[in-house]
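# Per-entry structural report
Letter by letter, the chains look like this.
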Amino acid sequence: MADHAFPPMASGGIPVFGHAFQFLRAPTALMERGYHEHGPVFSLKLANRRAVVLLGPENNRFFFSETDKLLSIRESYPFFIKMFHERFYIFAEFEEYLEQRAIILPRFQPQQMHQYVTTMANETFALMERLGESGTFDLIPTLGPLVMHIAAHAFLGDDFRQRLGKQFFADFRLFSGGMEAILPLWLPLPRLIRSQKAKRKLHKILGKLIEERRRSPVDPPDFLQTLIASHYSDGRPIDDVVIINMILLLVWAGHETTAGHISWGLIDLLQHPAYLQSVRDEQADILGDGRHLSMTEVRQLRRIEWTLKETERLHPVAFVMMRKAAETFTWQGFRIPQDAMVFVAPTLSHRMPEVFPDPDQYRPERFSPEHDESRQPHSLIGFGGGVHRCAGVHFAYLEMKIVLSLLLQQYDFTLLDSDPRPVSGAKTKWPTSPCRVQYRRRAYIPHKVPRHLSHAGEAQPVGSPAAHCPVPH
Ligand code: HEM
């Protein structure tokens, strides 16, 4: 082991802090430099921590298959314990994590997805009812609340969406501000304090809801009702703290990411009108007047699926994933010491020409069955990989397909801010606001939006910039 050297360091670090400020400001540009200087394995210095960046399918495979073995996920996301609970999910003992995961996963299998179609479509129609005939909107502040409505509706039920939505959404926005991957969590940042306060309120709201549901179960049982009734494999019922944290986890893990991905999907299409036309042609063939959007039609919409995959490749919102070396090991001839941070970066791996030819070109057909450039395992990793691969990937793809398809069916859009850029810093990489589109109704698809959705509490835009910036303003 003594023969092996630490991976070469990217240039441009400054004394004491190394690359920390650059990582907080512009992580992609920094990692791009490291890659050009040293290839797919290199290192960074983030103040007193060393970080190793691994790129490309083989390194990605190692990263995902060694998670929970050589690489610890729980020690890499310490904010998770503050936002959730010390015995919850990735922070629980591994066996307990697997038990909790086994409760979540069956609800998100492809064969379960049909139950969410109506909710997703109804919420999108309710948004379009509010948008009306024509106007302009900013993508994230408009699509963020839509995604939040869909999650609350799908996981907490109709009654909750109607009665308690507004307060829940406001608190949830503050709760999300507790995500902090780089700065120490003991810093008295106002957003971290607000996140803890909001967490206490959310626990109270959800605790009360669970109590009501135990007293008067809804029939037929919805997502929440079945979650309340679930058991571990040894027959123990899951307790309320775990149920509350599961709900918070599902809404949290899915809202910023999905809103960002749909926004990039729409931007990509508007910037490539020929491909957009082919999506519209396919829609016209399959959806006709759009009155019956069921799982069968959604499955047939292949072109929108390829575009969403191309968007996953070009604009991965989860632009980096992190682990911590649980012990010293060697990989690719380099020595990785215990406690080093280890990163994979979809944002760079997805643009390696040996994996995706002409990587900077938007070409959704690369994901058609004839070409499928993602057939090499771990080449497309926007939703992670291995045991911790995104539990909500099928839900997210279904949601994105439905929202984008319905919006495109009803409206013509023009992109007003022509060269959208991802937000700066080490955050979920959605497009910087304002990123506005002008819209005009192209077809009116009659759809009966349930009355309560037209008037239900409106979610605030997810995460104000301050809520996401890891640096205090
Ligand atoms: C475009 C939307 C989404 C993206 C890009 C995304 C991305 C990811 C990624 C990259 C991970 C793995 C993190 C790691 O390995 O460190 C992950 C995990 C996870 N995601 Fe998603 N996600 C999305 C939507 C959703 C939705 C809608 C849900 C829930 C309904 C969800 C639930 C989860 C959960 C529970 C995990 C943890 C899995 C585990 O550790 O067992 N995600 N997601």
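A quick note: this is a predicted structure, and the numbers were derived from the prediction, not measured. (Residues numbered from 1 in each chain as written. Predicted model: local features only at pLDDT ≥ 70, side-chain atom pairs only at ≥ 80, totals over all residues.)

This brings us to the overall build of the protein chain. When helices and strands are counted, the protein chain shows 19 helices and 10 strands. Taken against the 2.2 N^0.38 rule, which gives 23 Å for 473 residues, the C-alpha radius of gyration of the protein chain at 22 Å falls within 12% of a compact globule. Overall, the C-alpha framework of the protein chain stretches about 70 × 55 × 45 Å when taken along its three principal axes. In the protein chain, which comprises 473 residues, the share counted as buried stands at 44%. (Helix = DSSP H or I, 4+ residues; strand = E, 2+ residues; numbered from the N terminus. Rg over C-alpha atoms; globule rule 2.2 N^0.38 Å. Buried ≥ 20, exposed ≤ 12 C-beta atoms within 10 Å, placed from the backbone.)

Around the ligand, the surrounding shell holds 22 residues, and the nearest of these are Gly254, Thr257, Gly384, Cys390 and Gly392. Listed by contribution, the elements that provide at least two residues to the shell around the ligand are helix H5 (94-104), helix H12 (240-270) and helix H17 (393-410). Looking at the shell around the ligand, the element that brings in the most residues is H12, giving seven residues. Per-class residue counts for the shell around the ligand are 13 nonpolar, eight polar and one charged. (Near = placed C-beta within 6 Å. Nonpolar A, V, L, I, M, F, W, Y, C, P; charged D, E, K, R; others polar.)

Moving on, we get to the confidence of the model for the protein chain. One rule of thumb: low pLDDT means the predicted coordinates there are not for detailed reading. Looking at the protein chain as a whole, the pLDDT averages 89, with 91% of positions reaching at least 70. With pLDDT under 50 throughout, residues 459-473 is counted as low confidence; its partners more than four residues away or in other chains account for 43 contacts. (pLDDT = per-residue confidence, 0-100. Contact = placed C-beta atoms within 7 Å.)

Before going further, it helps to spend a moment on the sheet that holds strand E4 (residues 134-138). The pairing of strands in a sheet comes from backbone hydrogen bonds and takes either a parallel or an antiparallel form. With antiparallel pairing, three strands are arranged side by side in an open sheet as E4-E10-E9. The open sheet is flanked by E4 and strand E9 (411-415), the only strands paired with a single partner. Neighbouring strand axes in the sheet, compared pairwise and without regard to direction, differ in orientation by 25 degrees on average. Bridge count for E9 against strand E10 (residues 436-441) is five bridges, and the pairing is antiparallel. Among the inter-strand pairings, Asp412 is bridged to a residue of E10, identified as Arg440. Across the face of the sheet, helix H7 (residues 139-156) comes into contact with E4 and E10 while running at roughly 85 degrees to E4. (Pairing = 2+ DSSP bridges. Axes fitted to C-alpha atoms, helices over the stretch in contact; angles between N-to-C directions.)

Moving on: the packing of helix H13 (residues 273-287) against H17. The N-to-C vectors of H13 and H17 enclose an angle of 95 degrees; their axes lie 11 Å apart at closest approach. With respect to H17, the element H13 is oriented roughly perpendicular. Note on element contacts: H17 touches H13 through Ser405, Leu408 and Gln409, opposite Val279, Arg280, Gln283 and Leu287. When its residues are assigned to classes, the contact of H13 with H17 shows three nonpolar, three polar and one charged. (Parallel < 35°, antiparallel > 145°, perpendicular 65-115°, else oblique.)

With that settled, consider helix H6 (residues 117-131). With 15 residues, H6 ought to run about 21 Å at 1.5 Å a step, and its terminal C-alpha atoms sit 21 Å apart, in line with that. Residues Thr119, Met120, Ala121, Glu123, Thr124, Phe125, Ala126, Leu127 and Met128 constitute the buried set of H6. Of the residues flanking the end of H6, it is Gly132, one or two places downstream, whose phi is positive at about 75 degrees. (Expected span 1.5 Å × (residues − 1).)

With that settled, consider H17. Here H17 is 18 residues long and its end C-alpha atoms lie 26 Å apart, about the 26 Å a rise of 1.5 Å per residue gives. With 14 of 18 residues buried, H17 is to be regarded as a mostly interior element.

This part is about the sheet that holds strand E5 (residues 321-325). Pairing within the open sheet is mixed, and its five strands lie in the order E1-E2-E8-E5-E3. Two strands close off the open sheet at either side, each with one partner strand: strand E1 (41-46) and strand E3 (71-72). Pairing of E1 with strand E2 (residues 49-54) involves six bridges; the strand directions are antiparallel. Note on E2: the bridge partner recorded for Ser43 is Val52.

Formed by 112 residues in total, the largest nonpolar core has its most connected members in Val53, Ile247, Val342 and Phe343. Ranked by residues supplied to this core, first place goes to H12 with 16 residues. Not counting chain neighbours up to four residues away, the residues in contact with Val53 comprise Met31, Gly34, Phe42, Leu44, Phe343 and Ala345. (Core = buried A, V, L, I, M, F, W, Y, C linked by C-beta atoms within 7 Å.)

What follows concerns the environment of Phe172. With respect to the helices and strands, the residue Phe172 is situated in helix H9 (residues 165-176). Ignoring anything within four residues of it in the chain, the contact list for Phe172 reads Leu202 and Val251.

Within the element layout of this structure, Pro145 appears in helix H7. Separated by 186 residues in sequence, Pro145 and Trp331 have C-alpha atoms that sit 43 Å apart.

This part covers unusual backbone geometry. The phi angle of most residues is negative, glycine excepted, and most peptide bonds adopt the trans form. The omega angle of the peptide bond from Asp219 to Pro220 is 0 degrees, so this bond is cis rather than trans. Mapped onto the fold, Pro220 is located in the loop between helix H10 (190-215) and helix H11 (223-228). Following Ser433, the chain continues to Pro434 via a peptide bond in cis, the omega torsion being 0 degrees. Locating Pro434 in the fold gives a position in the loop between E9 and E10. We note that Ala47 has phi near 55 degrees; this positive angle belongs to a residue other than glycine. Following the sequence through the fold, Ala47 ends up in the loop between E1 and E2.

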